[in-house]
Amino acid sequence: MQSKNLLILIAGLLLGNSAVLHAQNNKADKLLDKTINQKQTTTLLTTLSADNMEGRKYGTPGIRKAAAVIAQQFKEAGLQPAKGDSGYYQNFAIYNSHIINKEIKINGVQIADSLSAIISTQPRIQADQQSGYEILQPGNQHELIKLLGQRRHPSSNALVILPKKFLRVLKMMPRLQQHQFQSDFTTIFIASDEAVKSFDIKAGNQLSAMHLANIVGILPGKSKPEELVIFSGHYDHLGTDPSNKQDSIYNGANDDASGTTAVMQLAKYYAKSGNNARTLVFAAFTAEEAGGFGSTFFSHQFDPAKVMAMFNIEMIGTQSKWGENSAYITGYDKTNMGELLQKNLEGTGFTFYPDPYTDQHLFYRSDNATLARQGVPAHTISTSKMDAEPNYHKVSDEISTLDLANMNRIIRCIALSARTIVNGTDTPSRVNTADLD
Ligand SMILES: [Zn+2]
């Protein structure tokens, strides 16, 4: 604790936090003390952010150590594995594609390699007007962004004709080629300002798979088992930077060992409290830093209509811009979930604020986004000062920079705030998908 905050701390203990202290007499709070205490929070966070996890980059031996720790915690908490998963491991693969022998003729003329790209997990690509390819031609930037989003989960083969003013889009294709879910459908991009009357496209594709796993545990609901509430965080981070001789390891203590620790602690708390009417799903996602692959795969395993709420927890290790005992909720105004949570915290001195960094579109950038886009009240809880977090995505994101007492209180307050959603008495309103950006 920083000394300049001592007065604030004392004032907080005397005033705002008194309800939390008094309430420790009742059973629920003894359980909170037992399951979500600073000692265990510190131990888990220390383990996940240790140097031997090598920055927890997806697909590396380091992250597999972290996965084993999380699976063991879920087991000790008494969670069940999800149906179809291998133990607590929800396995999936992403594919790296290397396109070879590309021949693309438009209106009978071969076009330069640099004017095309193919996104596909098919071993051979062959397309002409007779192949049933949809032809898509984005006219403006808005249409282009929408189209790129749709082509992440294509339901048809498509030839996308990019006006040359959008040529720069082809620069992001190597990244998309590197990380793809298996798909039956191919997207071919060509940059052209000409009317396309005919096309003849042939290419080979060298594919390699990378095997990844989310860690998922279930606490079946006592009376409304078909209704789901999800608690999640991502356990991957950025790996290592061997060129950095001082400190080569991205420990990711805040991002997002802190959220993953919260998920493990909440699992213990709710398993012990044993009064969850709804089925609780606890998930640690992989490959968030590569573009949300773990949460995307996870989210597609559910019927969104059955998911009543999602608490995604991302970077809660530092104090928020409002100081101690506060956090913000992304997409706060999209549902009434924030209000419900705050109502359950009355008298605790803890505040959930609306996300103050709306220009950063955090609601759409984190692991809650896939389900939120399908109407689920799926929000991310964070304290990260997105305009001034000195260790964000740096090797210095280490446990020594975090406020663990505050972080532990945040986890406790998430547990308290979620109780009425967990026990089935509150149901947050849904996201209106018609007014999403
Ligand atoms: Zn993160």
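The model shown is predicted, which means the values in this text are computed figures rather than measured ones.

Asker: Is there a simple way to think about the overall build of the protein in this case?
Answerer: Along the protein, the regular secondary structure elements total 14 helices and 15 strands. Here the C-alpha atoms of the protein give a radius of gyration of 24 Å, agreeing with the 22 Å that 2.2 N^0.38 yields for 437 residues. Overall, the C-alpha framework of the protein stretches about 80 × 50 × 40 Å when taken along its three principal axes. By residue count, 55% of the 437 residues in the protein fall in the buried class. If you take every contact in the protein between residues at least 6 apart in sequence, the share linking residues at least 24 apart comes to 84%. Surface accessibility of the protein: about 19300 Å² in total, with carbon and sulfur atoms responsible for 52%.

Asker: Please clarify how the pairing of strand β14 (residues 351–354) should be interpreted in this entry.
Answerer: Working note: regular strand, side chains alternate between the two faces of the sheet. As judged from the four bridges shared by strand β13 (residues 326–329) and β14, these two strands associate in the parallel manner. Note that in β14 the partner of Ser326 across the bridge is Thr351. For the segment spanning β13, helix α10 (residues 337–343) and β14, crossover handedness is right-handed.

Asker: Before we go on, may I ask you to explain the coordination of the zinc ion in this structure?
Answerer: Tetrahedral metal sites with four donors have an ideal angle of 109.5 degrees; octahedral sites with six donors have ideal angles of 90 or 180 degrees. Coordination sphere of the zinc ion, protein contribution only: His234 (NE2), Asp255 (OD), Glu314 (OE) and Glu314 (OE), at 2.0 to 2.7 Å. Classification of the site at the zinc ion as irregular follows from its four donor atoms and the range of 52 to 150 degrees in their angles at the metal. For the zinc ion, the donor residues sit on a single chain with the sequence spacing H-x20-D-x58-E. Here Asp255 is found in helix α8 (residues 253–273), whereas its partner Glu314 is found in the loop between β12 (307–313) and β13, with 59 residues between them in sequence. For Asp255, a relative accessible area of 2% translates into the label buried. Glu314 sits in the buried class, given a relative accessible area of 8%.

Asker: Help me understand the sheet that holds strand β4 (residues 116–119) in this model?
Answerer: Backbone-to-backbone hydrogen bonds pair the strands of a sheet. The strands run either parallel or antiparallel. Pairing within the open sheet is mixed, and its four strands lie in the order β4-β8-β7-β6. Unpaired on one side and paired on the other, β4 and β6 (134–136) mark the two borders of the sheet. The sheet shows a mean angle of 15 degrees between the axes of neighbouring strands, direction not considered. Pairing geometry for β4 and strand β8 (residues 187–191), over four bridges, is antiparallel.

Asker: Just checking my understanding: could you explain the environment of Lys102 for this structure?
Answerer: With respect to the helices and strands, Lys102 occurs in strand β2 (residues 89–106). For the pair Lys102 and Ile201, spaced 99 residues apart in sequence, the C-alpha separation works out to 7.6 Å. Within the structure, Lys102 has its side chain in polar contact with the backbone oxygen of Asp113 (distance 3.4 Å). Here the side chain of Lys102 touches Ser116 through a polar contact of 2.9 Å, side chain to side chain.

Asker: Quick question: what am I supposed to make of the environment of Thr261 here?
Answerer: Structurally, Thr261 can be placed in helix α8. Counting along the chain gives 162 residues from Thr261 to Asn423, while the straight-line C-alpha distance between them is 22 Å. Contacts of Thr261, omitting those with residues within four sequence positions, involve Thr41, Leu44, Leu45, Leu48 and Met407. For Thr261, the side chain forms a polar contact with the main-chain oxygen of Ala257, separated by 2.8 Å.

Asker: Is there a simple way to think about the pattern of salt bridges in this case?
Answerer: Pairs may arise between side chains of opposite charge once their charged atoms sit close together. Within this structure, the stated rule accounts for six salt bridges. For the salt bridge of Lys343 with Asp426, the shortest nitrogen-to-oxygen distance reads 2.9 Å. Of this pair, Lys343 sits in helix α10 while Asp426 sits in the segment after α14 (419–422); the two residues are 83 residues apart in sequence, bridging distant segments of the chain. Residue Lys343 is classed as partly exposed on the basis of its relative accessible area, which comes to 42%. Taking the relative accessible area as the measure of exposure, Asp426 reaches 12% and is therefore buried. The shortest N-O distance in the salt bridge between Lys385 and Glu389 comes to 3.4 Å.

Asker: Which parts of the structure should I look at to understand the domain arrangement of the protein?
Answerer: Accessible area lost when the parts come together is the quantity often used to give the size of an interface. Domain parsing of the protein yields domain 1 (3–93 + 211–435) and domain 2 (109–197). Taking only C-alpha atoms into account, the centre of domain 1 sits 36 Å from that of domain 2. Counting residues at the interface gives 10 residues for domain 1 and six residues for domain 2. The contact between domain 1 and domain 2 buries some 640 Å² in all, and 58% of this surface belongs to carbon and sulfur atoms. Taken together, domain 1 and domain 2 are joined by zero salt bridges. Taken together, domain 1 and domain 2 are joined by three residue pairs in polar contact (both at pLDDT 80 or more). The set of elements that each furnish at least two residues to the side of domain 1 that touches domain 2 consists of β2 and α9 (293–299). Per element, the largest residue contribution to the side of domain 1 that touches domain 2 is three residues, and it comes from α9.

Each value, and the rule that gives it
Counting of residues starts from 1 at the beginning of each chain's written sequence and follows it residue by residue. With pLDDT at 70 or above as the cut-off, local features in this predicted model cover only qualifying residues; side-chain atom pairs require 80 or more to be listed or tallied, and sums for whole chains, interfaces and linings still use all residues. As a rule here, side-chain values cover all heavy atoms of the structure and leave hydrogens and water aside. Numbering of helices and strands runs from the N terminus, with a helix taken as a DSSP run of H or I at least four residues long and a strand as a DSSP run of E at least two residues long. In this setup the radius of gyration rests on C-alpha atoms only. A globule is expected at 2.2 Å times the number of residues raised to 0.38. Summary of the burial criterion: residues with accessible area below 20% of their type's maximum are buried, those above 50% are exposed, and those between are partly exposed, where the area comes from a 1.4 Å probe applied to protein chains only. Residues count as neighbours in contact if any of their non-hydrogen atoms are within 4.5 Å of one another. Calculation of accessible area relied on Shrake-Rupley with a 1.4 Å probe; when residues are assessed, cover is drawn exclusively from the protein chains displayed. Any two strands are treated as partners once DSSP identifies two or more bridges connecting them. Every crossover in which the path from the first strand over the helix to the second runs clockwise, viewed with the strands pointing away from the viewer, is termed right-handed. Note that water is not among the atoms used; donors are N, O and S atoms within 2.8 Å of the metal (3.2 Å for Na, K and Ca), so sites may look incomplete. Only four donors with every angle between 85 and 135 degrees are called tetrahedral; only four or six donors with opposite donors over 155 degrees apart and all others between 65 and 115 are called square planar or octahedral, in that order; all others are irregular. The axes used here are C-alpha line fits, helices contributing only the stretch in contact, and every angle between their N-to-C directions lies in the interval 0 to 180 degrees. Counted as a polar contact is a pair of N or O atoms within 3.5 Å, where, for protein atoms, one must be capable of donating a hydrogen and the other of accepting one, and residues adjacent in sequence contribute only when both atoms are in side chains. Any carboxyl oxygen of Asp or Glu within 4 Å of a side-chain nitrogen of Lys or Arg constitutes a salt bridge here. By convention here, the domain bounds are inherited from an automatic or database domain assignment. Reported buried area values correspond to the accessible surface (1.4 Å probe) lost by two parts on association, with both partners' losses combined.

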